[in-house]
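# Overview (structure and organization)
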Amino acid sequence: MAIARPIRVLAFAAIVLWGFFLYQIFGPEKTPKGPGDTLKNMDRDPNLDLTGEPEGILHRADEGYGLGAEGTARINATLLSLVRNEEIDGMVQAMRDLERTWNNKFNYPWTFFNEVPFTEEFKKRTQAETKAKCNYELIPKEHWDTPSWIDEELFQESAQILKEQDIQYGAMKSYHQMCRWNSGMFYKHPALANTQFYWRVEPKVHFFCDVDYDVFRYMADYNKTYGFTINLYDSPQSLPTLWPETVKFLAQHPDYLHPENSMDWVVDNKRRPEHNKNANGYSTCHFWSNFEIADMTFWRSQVYEDYFNHLDRAGGFFYERWGDAPVHSIALGLFEDSSKIHWFRDIGYQHIPYFNCPNSPKCKGCVAGRFTDGEAWLMKEDCRPNWFKYVGMG
């Protein structure tokens, strides 16, 4: 008796499924993908481990941090923010967080920059958030305006292409100007001429942990150049010629490459190979520069000045969307001793949608080890594991 056709189809499907099941169990062992390729194999966040202060002698608030002449322990450093008048609410919120967790003890001055004059309301409301001195500075036009060698028509065409590629802020000229200013202009402002260290603070960011030592003195005492909290991948489509231009610069100045560099982190092609490919050799890993504590001596060096000028003349700040984060990060990765770059794992921080949240009794308001509270795919944007792999957690 012939078996009905539907029965034969079901039987065949069952055999195929059984064969597939046996292959999954007994087939060749699969090589797991890197955590940059899949969400199923993420690295364990070291912020889950109990976090304390950095090792060594630290300067506390009872050592001469009073106002004015009583602040004998303060060094030449400032809290620094590029901010618009209309961002006052977000700026006040960020100030309130940082004053509560740190600066109310140390009273470092705030320095605000704007391409237009600050309003009296902005000055009044920001000064009300701190006992420390606030400085309000106007950016010189020659530091902010589009440089003469940039072709306006080509910029508009490039901006349209960036917009079509969904590159965030790619069509906003002011964003390009901001990235250029943060990359190679801010430290040249006369108001910072006698300042060595800065802590960059942006509107709407959050700080979660009490920090009971002078972070600027820590940087100075332990010979640190740069401090970060968050380390991300960038969009390769926003900077396709940044690395090729860097390679050209290195060919002209091979002696600028520091012997203790972080080149492996800069050019890694294992964790997210498509990023490296689309960025023409750059991993796109960068320190997220909305938080940075740094020594401006590095930016003022001849090495960095030459590098910035090379990039500036290449036009990528306007024809592409080169950000200050990848520019700073590549420069640090190539031209600085990697041991002078410090992960401030004990400073709880959020810039939407990412966190640095330590496991510490000094922190409240964030979840220890949480990298993002956004969509799950954002987990793949974390490049800290590469930094830890190639450089360490110092």
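An account of the accompanying structure is given in this report. Note that this is a predicted model, so its numbers are computed, not measured. (Residues numbered from 1 in each chain as written. Predicted model: local features only at pLDDT ≥ 70, side-chain atom pairs only at ≥ 80, totals over all residues. Heavy atoms only, no water.)

## Some details on the packing of aromatic side chains
- Counted according to the given criterion, the structure contains 49 aromatic pairs.
- Relative to F344, the ring of Y218 lies with its centre 6.1 Å away and its plane at 65 degrees, an arrangement referred to as edge-to-face. Linking Y218 in helix α7 (residues 215–221) with F344 in the loop between β10 (341–343) and β11 (349–351), this pair joins segments that are 126 residues apart in sequence. This pair shows no difference in class: Y218 is buried, exactly as F344 is.
- Note that R313 overlies the ring of W149, its terminal NZ or CZ placed 3.7 Å from the centroid. (Phe/Tyr/Trp six-rings, centres within 6.5 Å; stacked < 30°, edge-to-face > 60°. Helix = DSSP H or I, 4+ residues; strand = E, 2+ residues; numbered from the N terminus. Buried < 20%, exposed > 50% of the residue type's maximum accessible area, 1.4 Å probe, protein only. Lys NZ or Arg CZ within 6 Å of the ring centre and 35° of its normal.)

## What about the sheet that holds strand β2 (residues 110–114)?
- Read from one edge to the other, the open sheet built from 7 strands follows the order β3-β2-β1-β4-β9-β6-β10, with strand pairing classed as mixed. Either end of the sheet is taken by a strand with one partner, and the two such strands are β3 (134–138) and β10. With direction set aside, neighbouring strand axes in the sheet form an average angle of 20 degrees.
- Two strands pair when backbone bridges link them, and β2 and β3 are joined in this way by 5 bridges, in the parallel orientation. Each residue of the ladder has a partner; that of T111, found in β3, is N135.
- Where helix α2 (residues 88–106) meets the sheet, it contacts β1 (77–82), β2 and β4 (197–200), and its direction lies at approximately 160 degrees from that of β2. (Pairing = 2+ DSSP bridges. Axes fitted to C-alpha atoms, helices over the stretch in contact; angles between N-to-C directions. Contact = heavy atoms within 4.5 Å.)

## So, the nonpolar core
- Judged by nonpolar contacts, the single largest core of 51 residues is most densely connected at F186, L242, W299, Y304, Y307 and F335.
- Per-element tally for this core: the top contributor is helix α14 (residues 324–335), with 6 residues.
- Among all residues touching W299, those that are not within four sequence positions of it are F186, Y187, Y198, Y226, A294, Y304, E305, H328 and L332. (Core = buried A, V, L, I, M, F, W, Y, C linked by side-chain atoms within 4.5 Å.)

## Topic: the state of the cysteines
- Across all of its chains, the model carries 3 disulfides by this definition.
- Through a disulfide, C209 is tied to C363; the S-S separation comes to 2.0 Å. Around the S-S axis, the bridge from C209 to C363 shows a dihedral of about 105 degrees and counts as right-handed. Pair noted here: C209 is in the loop between β5 (206–207) and α7 and C363 is in the loop between β12 (354–356) and α15 (384–390), with a separation of 154 residues, a long-range link.
- For C209, a relative accessible area of 3% puts it in the buried group.
- Across the disulfide, C285 is cross-linked to C383 (sulfur-sulfur distance 1.8 Å). (Disulfide = S-S within 2.5 Å.)

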